[in-house]
Amino acid sequence: MTFLPQEIIRKKRDRLTLTNDEIRQFAFGIADGSVTDGQVAAFGMAVLFNGMTLDERISLTLAMRDSGDVLDWSDLDLPGPILDKHSTGGVGDTVSLMLGPMIAACGGFVPMISGRRLGHTGGTLDKFESIPGYNSRPSNKVFRETVRSVGVAIIGQTNRLTPADRRFYAIRDVTATVESIDLITASILAKKLAAGLDALVMDVKSGNGAFMPTPESSRELAECIARVANGAGTRTSSLLTDMNQSLAPSAGNALEVQVAIDYLTGKDRPERLDRVVRALGSELLILGRLASTVEQAEKKLATALTSGKAAEIFGRMVAALGGPTDLVENPTRHLPQARIVHPVYPEVGGFVTGMNTREVGLIVLRLGGTRPNAIVSIDHSVGLSRIARIGDAVGPDRPVALIHASNEDDAAGAAAALRTAIAVGPDQPPDSAVVIDRITGAQP
């Protein structure tokens, strides 16, 4: 029977339910070009306005996954599950850098396919590319061998994975349909499930530095992802975590790699960052059946850190993918350093009472540390460090942060913006939860 994309668009426009075959035909048509840009845009707008059922979301996710290569690890006879974590992005979100090696140290295998970020959030791939020699686009042979021998490999998406999603997202980006939770879910999960996972944990951020604009939309996305992924056959849960302040005390690519190394080696484990890493790690070990209880999972993660095994695995992964063999031992020898480092002091002393986290991320962008668009190169050395937490005392001898910049003008502009972005008052606010909720994907 002749495939007519316009009839599928018409059905979704008229709020009718699409069949699995119709969705797969449309997704494959996006990938092979038989569906035009205009038709893709019209379909995206129809979904944005009319939504999708759970079955339609699952079908779209699997169809976009199957539009390209789907990784298969069975021939390697790995002695553990294939596991991964994904975050919706935030400021100072270094979790993947530590969690991948920690899960590998606990017996999991982590083929983490990450991306670059635009705007205020930064991206995992950009962090790793601040490491000299690190190859974020290795051959499939090197990728698989690194996963097999090291236990984790964190790389970028290849052109052969989810081509339907890559084209669909580009069209959504210029037709104001990015915000559809149905399409966000399918886009995230198509890429993750193409990695051949046994289990996945999602970190969905909520707060003024999060991708989703409201707490309600963050929760809706977390629930949608968990339900669709489980419906697609991959054990998944979502943690809703706070993004009303920078998660790590640094924001910027090389600076966040240093945070990860300090965390793995035990030099410094910032409390809020530690809570998120261990919560996600425990969830993933249980989903992967490497632990049966939270207590057992937490003990395994603690041993991975205290034994030094997670730090060792991080170093081996970096070396296997072309980076220096002694990065963990000598990070300052290899990571780029900004020419100018200035402390920023508040106009009045007191306690940090709030943070415009999105603006903090945009300060890093203006310094050159993230991309305003996909073609701009970035400066891996710039950013912020020693970012004060909400509740910290600041004053003439306690800065709100250190600015790492390439020139004095950029540093001055960042300092002025930072004083506006970080609120200081006389009263110390109470500590807030960083892990807000756990969402399993069970039907209501």
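Please refer to the structure placed before this passage.
Reference entry: report on the structure contained in this document.

Thresholds applied
- Residues numbered from 1 in each chain as written.
- Predicted model: local features only at pLDDT ≥ 70, side-chain atom pairs only at ≥ 80, totals over all residues.
- Heavy atoms only, no water.
- Helix = DSSP H or I, 4+ residues; strand = E, 2+ residues; numbered from the N terminus.
- Rg over C-alpha atoms; globule rule 2.2 N^0.38 Å.
- Buried < 20%, exposed > 50% of the residue type's maximum accessible area, 1.4 Å probe, protein only.
- Contact = heavy atoms within 4.5 Å.
- Pairing = 2+ DSSP bridges.
- Axes fitted to C-alpha atoms, helices over the stretch in contact; angles between N-to-C directions.
- Phe/Tyr/Trp six-rings, centres within 6.5 Å; stacked < 30°, edge-to-face > 60°.
- Lys NZ or Arg CZ within 6 Å of the ring centre and 35° of its normal.
- Expected span 1.5 Å × (residues − 1).
- Salt bridge = Lys/Arg side-chain N within 4 Å of Asp/Glu carboxyl O.
- Core = buried A, V, L, I, M, F, W, Y, C linked by side-chain atoms within 4.5 Å.
- Arc of directions from axis to C-beta.
- Polar contact = N/O pair within 3.5 Å; in protein donor to acceptor, adjacent residues only side chain to side chain.

## Thoughts on the overall build of the protein chain
Okay, step 1: Scanning the protein chain from terminus to terminus reveals 17 helices and twelve strands.
Okay, step 2: Computed over C-alpha atoms, the radius of gyration of the protein chain comes to 22 Å, within 12% of the 22 Å expected from 2.2 N^0.38 for 444 residues, which places it in the range of a compact globule.
Okay, step 3: Dimensions of the protein chain along its principal axes, counting C-alpha atoms only, are 75 × 45 × 40 Å.
Okay, step 4: For the protein chain, the proportion of its 444 residues judged to be buried stands at 57%.
Okay, step 5: Long-range pairs, those at least 24 residues apart, make up 79% of the contacts in the protein chain with a sequence separation of at least 6.

## Focus on the sheet that holds strand 10 (residues 401-405)
Okay, step 1: Strand order across the open sheet formed by three strands is 6-10-8, with antiparallel pairing between neighbours. With partners counted over all chains shown, the strands left at the sheet margins are strand 6 (340-344) and strand 8 (383-385), one partner each. Adjacent strand axes in the sheet meet at a mean angle of 30° when their direction is disregarded.
Okay, step 2: Examined bridge by bridge, strand 8 and strand 10 share three bridges and lie antiparallel to one another. What sits directly across from Leu384, in strand 10, is Ile403.
Okay, step 3: Here helix 16 (residues 357-367) sits on the sheet and contacts strand 8 and strand 10; the angle it forms with strand 8, its principal contact strand, is near 130°.

## Remarks on the sheet that holds strand 4 (residues 199-206)
Okay, step 1: Read from one edge to the other, the open sheet built from four strands follows the order 1-4-5-12, with strand pairing classed as mixed. One side of each edge strand has no neighbouring strand; the edge strands of this open sheet are strand 1 (83-87) and strand 12 (435-439). Between one strand axis and the next, the sheet turns through 20° on average, direction left out of account.
Okay, step 2: The pairing of strand 5 (residues 235-242) with strand 12 spans four bridges and is classified as antiparallel. Bridge pairing links Ser238 to Ile439 in strand 12.
Okay, step 3: Contacts from helix 9 (residues 181-193) reach strand 1 and strand 4, with the element oriented near 155° to strand 1.

## Details of unusual backbone geometry
Okay, step 1: Even without being a glycine, Arg15 presents a positive backbone phi close to 65°.
Okay, step 2: Located in the positive-phi region is Thr162, a residue other than glycine, with phi close to 40°.

## Quick look at the packing of aromatic side chains
Okay, step 1: Counted under the stated rule, the structure contains five aromatic pairs.
Okay, step 2: Seen from their ring centres, Trp73 and Phe143 are 5.8 Å apart, and the 75° between their planes marks the pair as edge-to-face. Here Trp73, found in the loop between helix 4 (54-65) and strand 1, pairs with Phe143, found in helix 7 (residues 140-150); they are 70 residues apart in sequence, far enough to count as distant. Each of the two residues, Trp73 as well as Phe143, counts as buried.
Okay, step 3: Residue placement shows Arg269 over the ring face of Tyr263; its charged tip is 5.5 Å from the ring centre.

## Here's the deal with helix 14 (residues 309-320)
Every α-helical turn comprises 3.6 residues, leaving residues that sit three or four positions apart pointing alike.
Okay, step 1: Taking 1.5 Å of rise per residue, twelve residues should cover 16 Å, and helix 14 covers 16 Å from first to last C-alpha, within 8% of that figure.
Okay, step 2: Within the sequence span of helix 14, burial applies to Ala310, Ala311, Ile313, Phe314, Gly315, Met317 and Val318.
Okay, step 3: Close packing links the buried residues of helix 14 with helix 5 (95-105), helix 6 (124-128), helix 7, strand 3 (152-156), helix 11 (253-265) and helix 13 (294-306).
Okay, step 4: Two residues or fewer after helix 14 comes Gly322, characterised by a positive phi angle close to 100°.

## Here's the deal with the environment of Ser282
Okay, step 1: On the secondary structure map, Ser282 appears in helix 12 (residues 271-287).
Okay, step 2: Take Ser282: its relative accessible area is 4%, and that puts it in the buried class.
Okay, step 3: A sequence separation of 19 residues divides Ser282 from Leu301, and the C-alpha atoms of the two residues are 7.5 Å apart.
Okay, step 4: Once residues lying within four places of it in the same chain are set aside, the contact partners of Ser282 are Val294, Ala297, Glu298 and Leu301.

## Brief notes about the pattern of salt bridges
Okay, step 1: Throughout the structure, instances matching the rule amount to 27 salt bridges.
Okay, step 2: A salt bridge links Arg144 to Asp75, with the shortest nitrogen-to-oxygen separation between them at 2.7 Å. Within this pair, whereas Arg144 is found in helix 7, its partner Asp75 is found in the loop between helix 4 and strand 1, the two being separated by 69 residues in sequence.
Okay, step 3: Between Asp326 and Arg333 there is a salt bridge, with the nearest N and O atoms lying 2.9 Å from each other.

## A look at the nonpolar core
Okay, step 1: Counting residues in hydrophobic clusters, the biggest one holds 117 residues, and the most contacted among them are Met98, Met102, Leu264, Phe314, Met317, Ile403 and Leu418.
Okay, step 2: In this structure, Met102 is in contact with Tyr263, Leu264, Val277, Leu301, Ala304, Leu305 and Ala310, ignoring residues within four places of it in sequence.
Okay, step 3: Val47, Ala63, Phe168 and Ala190 belong to the second-largest nonpolar core, a separate cluster that totals 22 residues.

## Brief notes about helix 1 (residues 5-13)
Okay, step 1: If you check which residues of helix 1 are buried, you get Pro5, Ile8, Ile9 and Lys12. The buried residues of helix 1 all sit within an arc of 100° when viewed along its axis, so they share a single face.
Okay, step 2: Contacts made by the buried residues of helix 1 are with helix 2 (20-32), helix 3 (37-50) and helix 4.

## Some thoughts on the side chain of Arg272
Okay, step 1: Mapped onto the elements, Arg272 comes out in helix 12.
Okay, step 2: Its relative accessible area of 3% is what places Arg272 among the buried residues.
Okay, step 3: Within the structure, Arg272 has its side chain in polar contact with the side chain of Asp242 (distance 2.7 Å).
Okay, step 4: When residues no more than four places from it in sequence are discounted, the contact partners of Arg272 are Asp242, Gln245, Leu247, Arg389, Asp431, Ser432, Ala433 and Val434.

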